[in-house]
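Read off the chains here:
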Amino acid sequence: MQVIAKVKHHGENVLREIWKNKIMFIMLAPVIVYFVLFHYVVMPGAYVAFVDFNIRKGIFGSKFVGLDNFQFLLKNGDLWNITKNTLLYNFVFLALGNVIQIVFAIMLSEVSGKWFKKVTQSVFLLPYFISMVIVGVFAYNMFNYNSGFVNTVMVSLGFERYEFYSNPDIWKYIIVAFKIWSATGYGMIVYLATITGISHDLYEAAYMDGASKWQRIRYMTLPLLKPTFILLLLFGLGGILKGSFDLFYNLIGTNSVLYPQTDIIDTYVFRSLVGQFNFSMGAAVGFYQSLFGLIIVLTVNLIVRKIEPDSALF
């Protein structure tokens, strides 16, 4: 009876809280509906990864084949290489990307001119909305051997042409550079919003105590940005095995010479399954990526909870 009473009391508190903040919950309703429909209702569809899917029989009427759909990842021995590439690229995207975003957010927050600040935000955010198809065309015109801008400049300076599309090692840096270029503006705005929310009284008190601008950034801004950094890091780790397919495919395409250093799970699966319409194998890869990401998020969240409980997701 006590348990029932506690549940009833808790339910009443929840309803009271919803009614008290009904406007906020109404604003959240579209987001909640979206996540319920496209993230939770479809969860049973993961079963496709374990069946030989037949569109006529449906998901649960198709023949169960266990782990057979995962075998194509292991057949050619490429699983380790593409998993390693995906992990390393995404770790660099997360770590370096967040550091650069924080640096630019702090720099922009120190600018006093409102007009300059708004224009700068718009300029930084613009690459986020540019299609990766355009980025691919831009990269080709920059790096192609015969008429690329870089090689044209090198020849005019007396250097020999460099075969970018025949040297895999250089593309690690090119891909990272394009990713950082496209994502910095969006992430910077997130951190800038956090900085804007910090009370100016704290900065004024530190200024009155004689703290320099660098000291205020080091001992006030950066520590207060840490929860946002950890939150974005945990969210990013959830998709650590889901590479930026559009970026990699439009930059690399079907140039097999570059695959050893640039091939990720998404591009490998696309090439393996294109034209086959094998939904089960595609679902198997998605299941592998999601499960791996879940394990990483739970592990990192456990570590964060032990070190700094207030910054953990749960």
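Small disclaimer: the values here were computed from a predicted structure and weren't measured. (Residues numbered from 1 in each chain as written. Predicted model: local features only at pLDDT ≥ 70, side-chain atom pairs only at ≥ 80, totals over all residues. Heavy atoms only, no water.)

Draft legend 1. Region of interest: the packing of helix α6 (residues 132-143) against helix α11 (residues 245-252). Contact geometry of α6 with α11 gives a least axis separation of 8 Å together with a crossing angle of 30 degrees. With respect to each other, α6 and α11 are oriented roughly parallel. Considering only the axes of α6 and α11, their crossing is right-handed. Side by side, α6 and α11 meet where Met 132, Val 133, Val 135, Gly 136 and Ala 139 of the first sit next to Asp 246, Leu 247, Asn 250 and Leu 251 of the second. (Axes fitted to C-alpha atoms, helices over the stretch in contact; angles between N-to-C directions. Helix = DSSP H or I, 4+ residues; strand = E, 2+ residues; numbered from the N terminus. Parallel < 35°, antiparallel > 145°, perpendicular 65-115°, else oblique. Left-handed = near helix turned anticlockwise from the far one by under 90°. Contact = heavy atoms within 4.5 Å.)

Draft legend 2. Structural detail: the environment of Ile 265. Here Ile 265 shows up in helix α13 (residues 265-273). Sequence separation between Ile 265 and Gln 289 is 24 residues, and the spatial gap between their C-alpha atoms is 8.7 Å.

Draft legend 3. Main features of the pairing of strand β2 (residues 58-64). Examined bridge by bridge, strand β1 (residues 51-54) and β2 share three bridges and lie antiparallel to one another. Considered in β2, the bridge of Val 51 is made with Phe 64. Following β1, the chain reverses through three residues before pairing antiparallel with β2. (Pairing = 2+ DSSP bridges.)

Draft legend 4. Layout of the packing of helix α8 (residues 168-196) against helix α10 (residues 213-237). For the pair α8 and α10, interaxial distance at closest approach is 10 Å and the crossing angle is 135 degrees. With respect to their mutual orientation, α8 and α10 come out oblique. In the packing of α8 onto α10, the handedness of the crossing is right-handed. Residues Val 190, Tyr 191, Thr 194 and Ile 195 of α8 lie in contact with α10, whose contacting residues are Thr 221, Leu 224, Leu 225, Thr 228, Phe 229 and Leu 232.

Draft legend 5. Expanded view of the packing of aromatic side chains. This model, assessed by the stated rule, comprises 25 aromatic pairs. With 5.8 Å between their ring centres and 45 degrees between their planes, Phe 50 and Phe 70 make a pair best called tilted. Within this pair, whereas Phe 50 is found in the loop between α2 (22-40) and β1, its partner Phe 70 is found in the loop between β2 and α3 (72-75), the two being separated by 20 residues in sequence. In this structure, Phe 50 and Phe 70 share a single accessibility class: buried. Within the aromatic cluster, the residues linked to one another by ring pairs are Tyr 140, Phe 143, Tyr 162, Phe 164, Tyr 165 and Trp 171. In this structure, Lys 22 is placed above the aromatic ring of Trp 19, and the distance from its NZ or CZ to the ring centre is 4.5 Å. Positioned over the ring face of Tyr 259 is Arg 271, at 3.9 Å from the centre of the ring. (Phe/Tyr/Trp six-rings, centres within 6.5 Å; stacked < 30°, edge-to-face > 60°. Buried < 20%, exposed > 50% of the residue type's maximum accessible area, 1.4 Å probe, protein only. Lys NZ or Arg CZ within 6 Å of the ring centre and 35° of its normal.)

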